[in-house]
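Spelled out, the chains give:
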There are 2 protein chains.
Amino acid sequence: MLQQVPRRRTDTRERLLGLAEQAILAKGFASTSIDELIAGVGITKSGFFYHFRDKNELARALLERHIARDRELLDDIFRRADELNDDPLHGFLVGLKLFAEMMDALPQAHPGCLAATLCYQDQLFDRTVHALNAESVLAWRRRFRARLEAIAASYPPRQPVDLDALADMLSTLVEGGLVMGRALKDPTILPRQILLFRDFLRLTFAP
Amino acid sequence: MLQQVPRRRTDTRERLLGLAEQAILAKGFASTSIDELIAGVGITKSGFFYHFRDKNELARALLERHIARDRELLDDIFRRADELNDDPLHGFLVGLKLFAEMMDALPQAHPGCLAATLCYQDQLFDRTVHALNAESVLAWRRRFRARLEAIAASYPPRQPVDLDALADMLSTLVEGGLVMGRALKDPTILPRQILLFRDFLRLTFAP
DNA sequence: GACGTAACTGTACCACAGGTACAGTAACCT
DNA sequence: AGGTTACTGTACCTGTGGTACAGTTACGTC
């Protein structure tokens with residue numbers, strides 16, 4: 001029998017983040033205790049505070065990871081949609097369909113959950129976390145607004161339309177869809193709302 | 001000088017609820033302490049637990065009050081809109097405009113805030129609170145679906161449309177709009193989203 | 001092989017939040 | 001006069017986030 005020498009790990013921080021993410025998405029930030037996390041990855045409290053100065057910093061690290069991952073996912077989806085299609089409107093419509101399918105498959109994986117969780121527990125977090133959160137929302141707005149401008153250039157809208165508000169509508173539906181999905185325990189609400197947004201776009205721009 | 005005899009109050013419970021509502025909308029549920037509330041209304045901890053068996057029951061009472069108030073407000077708005085207008089589509093469009101104006105004036109007064117707060121701190125609450133929350137969302141769905149059915153009967157939609165999803169869209173935009181408004185500290189987002197929903201309805205149903 | 005650094009452990013301690021458990025009391029209603 | 005309502009006061013317990021700091025062990029580097 002080889003005695004397993006307690007090997008030194010270099011991935012403890014990542015394992016903490018992973019476990020924290022799972023726990024927070026399932027139970028919320030306030031209900032996820034540090035004790036629970038350190039028991040899960042097998043370290044002591046001192047170990048936790050070696051990696052994160054406080055719970056706030058854990059939230060920030062988590063949010064950063066989530067935002068980065070999310071950006072890659074969206075980049076990927078809309079790149080694929082654009083490859084299939086040269087037209088800006090049709091590319092966006094295809095991308096939205098892929099997005100809805102993704103949200104159908106893994107609705108809890110979305111950073112919106114985290115963002116909203118953070119929003120509704122305001123006082124628990126500091127300015128840097130709020131700023132990070134706001135910046136990620138604005139990044140969505142810019143991304144979608146650029147696409148909407150390209151679309152509006154080719155397809156004059158049927159009604160005058162505020163492109164910023166229209167870009168925000170998708171984020172709004174995602175955030176709201178996550179809340180609704182939780183409240184009704186029905187994960188199909190979010191993807192259906194995305195498809196409705198798609199219908200709205202088609203009605204607005206399609207000739 | 002008349003010595004003020006410490007008069008017995010019968011409205012302590014209401015005052016607790018009022019203060020708690022304010023504090024929770026501003027800071028979130030978890031960050032609002034019982035100590036803070038009892039200091040605010042001038043009673044002791046025992047006094048608090050005389051009125052509410054625990055914090056959970058405070059949440060329930062608050063949610064009930066909010067839901068009732070909300071129903072009255074919506075009833076009022078759409079009654080007024082209907083009085084001005086016999087047509088189901090135009091009545092709804094007018095109602096939505098009034099609703100957007102109301103959300104512009106007092107966005108933080110909406111129970112959606114509370115509902116979402118509760119959603120995202122799941123484990124803190126028991127089944128009765130969740131059920132209450134879900135029921136209030138379903139009440140919205142029924143209310144708007146009934147109107148949409150009346151509209152669809154007079155104005156056949158331009159595209160086939162899922163009336164439940166369309167009814168949910170308004171709730172979704174409200175919930176999401178509150179989150180977005182908080183994240184960006186921009187209270188105009190919610191009313192603008194409601195007006196976009198209005199545009200969507202018009203495009204879908206108007207001849 | 002010595003030396004520093006990264007990644008922890010261990011111990012001790014603190015404040016605050018959410019309770020629990022009762023016994024007592026003052027005002028009000030009948 | 002007696003019961004109910006609306007509390008007060010005291011004491012105590014748990015869990016959670018956090019601080020302080022000294023000690024330890026593996027690893028890479030010179």
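Residues numbered from 1 in each chain as written. Chains lettered and ligands numbered in written order. Predicted model: local features only at pLDDT ≥ 70, side-chain atom pairs only at ≥ 80, totals over all residues. Heavy atoms only, no water.

Trainee: Help me understand the relation of the copies chain A and chain B, please; the structure alone is not making it clear to me.
Mentor: The operation linking the two copies of the chain is a rotation about an axis combined with a translation along the axis. Expressed as a screw operation, the relation of chain A to chain B combines 0.0 Å of axial shift with a rotation of 180°, fitting to an RMSD of 0.0 Å. In the structure described here, the two chain copies are related by an operation that fits a two-fold rotation axis. Taking C-alpha positions as reference, the residue of chain A nearest the rotation axis is Gly176 of chain A, located at 1.8 Å. (Least-squares fit on C-alpha atoms with pLDDT ≥ 70 in both.)

Trainee: I keep staring at the UniProt feature "domain: HTH tetR-type" (unreviewed entry) in chain A and nothing clicks. Help me out?
Mentor: The sites that UniProt annotates as "domain: HTH tetR-type" (unreviewed entry) are residues 10-70 of chain A. As annotated, residues 10-70 of chain A comprises 77% helix and 0% strand, and the C-alpha atoms at either end are separated by 25 Å. (UniProt positions renumbered as here; feature names shortened; annotations may be inferred. Helix = DSSP H or I, 4+ residues; strand = E, 2+ residues; numbered from the N terminus.)

Trainee: Whenever I open this one, the interface of chain A and chain B confuses me. Can you help?
Mentor: One frequent convention defines the size of an interface as the accessible area lost when the parts assemble. Between chain A and chain B, the contact holds 48 residues from the first and 48 residues from the second. Across the chain A/chain B interface, buried area totals approximately 4,500 Å², and carbon plus sulfur atoms make up 68% of it. Taken as a group, Tyr120, Met180 and Leu203 of chain A account for 17% of the area that chain A buries against chain B, more than any other trio of residues on that side. The interface formed by chain A and chain B includes two salt bridges. (Contact = heavy atoms within 4.5 Å. Buried area = accessible area lost by both parts, 1.4 Å probe. Salt bridge = Lys/Arg side-chain N within 4 Å of Asp/Glu carboxyl O.)

Trainee: Just to check I follow, could you spell out the packing of aromatic side chains for this structure?
Mentor: The description of an aromatic ring pair uses the distance of the two centres, along with the angle that the planes make with each other. Inspection of every chain in the model, using the stated rule, returns 15 aromatic pairs over all chains. Aromatic pair Trp140 of chain B and Phe144 of chain B: ring centres 5.5 Å apart, planes at 75°, arrangement edge-to-face. Residue Trp140 of chain B and its partner Phe144 of chain B are both found in helix 7 (residues 127-154); the two are separated by four residues, about one turn of the helix. Here the two residues Trp140 of chain B and Phe144 of chain B agree in accessibility, since each one is buried. Over the ring of Phe29 of chain A we find Lys55 of chain A; its NZ or CZ atom is 4.5 Å from the centre of that ring. (Phe/Tyr/Trp six-rings, centres within 6.5 Å; stacked < 30°, edge-to-face > 60°. Buried < 20%, exposed > 50% of the residue type's maximum accessible area, 1.4 Å probe, protein only. Lys NZ or Arg CZ within 6 Å of the ring centre and 35° of its normal.)

Trainee: Is there a simple way to think about the nonpolar core in this case?
Mentor: Counting residues in each nonpolar core, the largest one holds 78 residues, and the members touching the most others are Phe99 of chain A together with Phe99 of chain B. Judged by nonpolar contacts, the second largest core, of 21 residues, contains Val41, Leu58, Leu62 and Leu114 of chain B. (Core = buried A, V, L, I, M, F, W, Y, C linked by side-chain atoms within 4.5 Å.)

Trainee: Before we go on, may I ask you to explain the packing of helix 4 (residues 55-84) of chain A against helix 5 (residues 88-105) of chain A in this structure?
Mentor: The geometry of a pair of packed helices is captured by two quantities: the angle between their axes and the separation between those axes. Residues and elements named next belong to chain A. Packing of helix 4 against helix 5 brings their axes to within 8 Å, and their N-to-C directions diverge by 135°. Taken together, the axis directions place helix 4 and helix 5 in an arrangement best described as oblique. Judged by the twist between their axes, the crossing of helix 4 over helix 5 is right-handed. Facing helix 4, whose interface residues are Leu73, Leu74, Ile77, Phe78, Arg80, Ala81, Asp82 and Leu84, helix 5 presents Gly91, Phe92, Val94, Gly95, Leu96, Leu98, Phe99 and Met102. Residue composition of the contact of helix 4 with helix 5, by class: twelve nonpolar, two polar and two charged. (Axes fitted to C-alpha atoms, helices over the stretch in contact; angles between N-to-C directions. Parallel < 35°, antiparallel > 145°, perpendicular 65-115°, else oblique. Left-handed = near helix turned anticlockwise from the far one by under 90°. Nonpolar A, V, L, I, M, F, W, Y, C, P; charged D, E, K, R; others polar.)

Trainee: Sorry if this is basic, but what is going on with helix 5 (residues 88-105) of chain B here?
Mentor: For an α-helix the count is 3.6 residues per turn, leaving residues at separations of three or four pointing the same way. All names here are of chain B. Under the 1.5 Å per step criterion, the end-to-end length of helix 5 is 26 Å for 18 residues, consistent within 8% with the ideal 26 Å. When helix 5 is considered as a whole, its buried residues turn out to be Leu89, Gly91, Phe92, Leu93, Gly95, Leu96, Leu98, Phe99, Ala100, Met102 and Met103. Residues of helix 5 that are buried make contact with helix 4 (55-84), helix 7, helix 8 (163-184) and helix 9 (189-205). Sitting at the amino-terminal end of helix 5 is Asp87, which places a side-chain oxygen 3.1 Å from the backbone nitrogen of Leu89. (Expected span 1.5 Å × (residues − 1). Polar contact = N/O pair within 3.5 Å; in protein donor to acceptor, adjacent residues only side chain to side chain.)

Trainee: Any chance you could explain helix 8 of chain B here in plain terms?
Mentor: Residue and element names in this part refer to chain B. Here helix 8 spans 31 Å end to end across 22 residues, near enough to the 32 Å set by a 1.5 Å rise per residue. Taken as a whole, helix 8 carries its principal kink of about 25° at Met169. Taking burial as the measure, the 22 residues of helix 8 include 20 buried ones, the bulk of the element. Residue Asp162 occupies the N-cap position of helix 8, its side-chain oxygen lying 3.0 Å from the main-chain nitrogen of Asp164. Of the residues trailing helix 8, Lys185 is marked for its positive phi of about 50°. (Bend = angle between axes of the 7 residues up to and from the residue.)

Trainee: Is there a simple way to explain unusual backbone geometry in this structure?
Mentor: Excluding glycine, residues mostly carry a negative phi; peptide bonds, for their part, are mostly trans. All names here are of chain A. Despite not being glycine, Lys185 shows a phi value in the positive range, around 50°. Locating Lys185 in the fold gives a position in the loop between helix 8 (163-184) and helix 9 (189-205). Residue classification places Lys185 among the exposed residues on the basis of a relative accessible area of 64%.

Trainee: When you look at the domain arrangement of chain A in this model, what are you seeing that I'm missing?
Mentor: Residues and elements named next belong to chain A. Here chain A is described as being made up of domain 1 (9-52) and domain 2 (55-205). Look at where the C-alpha atoms of domain 1 and domain 2 centre, and you get two points 28 Å apart. Domain 1 puts 16 residues into the contact, and the matching count from domain 2 is 17 residues. Both sides together, the interface formed by domain 1 and domain 2 hides about 1,500 Å², and carbon and sulfur atoms give 68% of it. (Domains from an automatic or database assignment.)

Trainee: Hey, could you run me through the pattern of salt bridges in this one?
Mentor: Where charged atoms from two side chains of opposite charge come close, those side chains can pair. All names here are of chain B. Going through the model one piece at a time under the given rule, you end up with 30 salt bridges over all chains. A salt bridge links Arg65 to Glu14, with the nearest nitrogen and oxygen atoms 3.1 Å apart. With Arg65 in helix 4 and Glu14 in helix 1 (residues 12-27), this residue pair connects regions lying 51 residues apart in the sequence. Residues Lys27 and Glu36 are paired through a salt bridge, measuring 2.8 Å at the closest nitrogen-oxygen approach.

Trainee: Looking at this model, I keep getting lost on the UniProt feature "DNA-binding region" (unreviewed entry) in chain A. Mind explaining?
Mentor: With numbering aligned to this structure, UniProt lists the feature "DNA-binding region" (unreviewed entry) at residues 33-52 of chain A. Along residues 33-52 of chain A, the helical share is 75% and the strand share 0%, with 14 Å between the first and last C-alpha atoms.

Trainee: Can you help me understand the packing of helix 8 of chain A against helix 7 of chain B in this one?
Mentor: Running from N to C, helix 8 of chain A and helix 7 of chain B point in directions that differ by 115°, and their axes come no closer than 8 Å. Both helix 8 of chain A and helix 7 of chain B take part in a crossing whose hand is left-handed. Contacts from Met180, Ala183 and Leu184 of chain A of helix 8 of chain A reach helix 7 of chain B at Ala134, Val137, Leu138 and Arg141 of chain B. Here the residues of the contact of helix 8 of chain A with helix 7 of chain B are counted per class, giving six nonpolar, no polar and one charged.

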